[in-house]
Structure formats: C-alpha cells, structure tokens
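# Working through the structure, step by step
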Amino acid sequence: MAMGDKAENTGEKIKGAVKKNVGKAVGNERLEAQGRAEQAKGDLKQAGENVKDAFRG
C-alpha cells in the first residue's frame, strides 16, 4: 500500500471521528451521522488496500 493512500485513509477516519464526536457533543444528529459515514468510508478504503496488498505479497 502506498503510504499516501494509508495516510489519506487514516485522515478520513480521524476527520469522521471528529465530526461524529462534535455532532454528538452539540446534539447535531446530522453532523454525527456524517462523521460516522466518513469513518466507515475510511475503514472500507483501508480494507480494500489491505486486500490489494494481500494479493501483491
């Protein structure tokens, strides 16, 4: 996996976690849901990269 992809996926997961927590703290369900979605998107991208790595190695 390219380090850039790994960093990008981790960044997306962190950004989602921050949005989720801020949304929860201020009672904004929409922001919280967006954060959860971004976190899941980062997790899926990371999993896809791990599958690619398994077949390359």
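In short, a report on the structure. (Residues numbered from 1 in each chain as written. Predicted model: local features only at pLDDT ≥ 70, side-chain atom pairs only at ≥ 80, totals over all residues. Heavy atoms only, no water.)

### Digging into the overall build of the protein
Of the regular secondary structure elements, the protein holds two helices and zero strands. Whereas a compact globule of 57 residues would reach a radius of gyration of roughly 10 Å, the protein reaches 13 Å, over 25% beyond that. Residue burial in the protein is summarised as follows: out of 57 residues, 19% are buried. Once local pairs closer than 6 in sequence are excluded, the contacts in the protein between residues at least 24 apart make up 49%. Accessible area for the protein stands at about 4,100 Å²; split by element, carbon and sulfur atoms hold 57% of it. Here the protein contributes 12 positively and 9 negatively charged side chains, and the mean placements of these two sets differ by 2 Å. (Helix = DSSP H or I, 4+ residues; strand = E, 2+ residues; numbered from the N terminus. Rg over C-alpha atoms; globule rule 2.2 N^0.38 Å. Buried < 20%, exposed > 50% of the residue type's maximum accessible area, 1.4 Å probe, protein only. Contact = heavy atoms within 4.5 Å. Areas by Shrake-Rupley, 256 points an atom, 1.4 Å probe, with all protein chains shown as cover. Lys, Arg positive; Asp, Glu negative; His and termini not counted. Charge placed at Lys NZ, Arg CZ, Asp CG, Glu CD.)

### A look at a nonpolar patch on the surface
Taken together, the side chains of I14, V18, V22 and V26 make up a nonpolar region of the molecular surface, amounting to roughly 350 Å² of accessible area. In this fold, V22 is placed in helix α1 (residues 3–26). (Patch = residues over 30% accessible without salt bridge, like charges linked within 9 Å, V, L, I, M, F, W, Y side chains within 5 Å. Salt bridge = Lys/Arg side-chain N within 4 Å of Asp/Glu carboxyl O.)

### Examining the pattern of salt bridges
Under the counting rule described, the total for this entry stands at seven salt bridges. A salt bridge links K52 to E49, with the shortest nitrogen-to-oxygen separation between them at 3.6 Å. Linking K52 with E49, this pair stays in helix α2 (residues 29–56), spanning three residues, or about one helical turn. For R56, the salt bridge identified is with D53, shortest N-O distance 3.5 Å.

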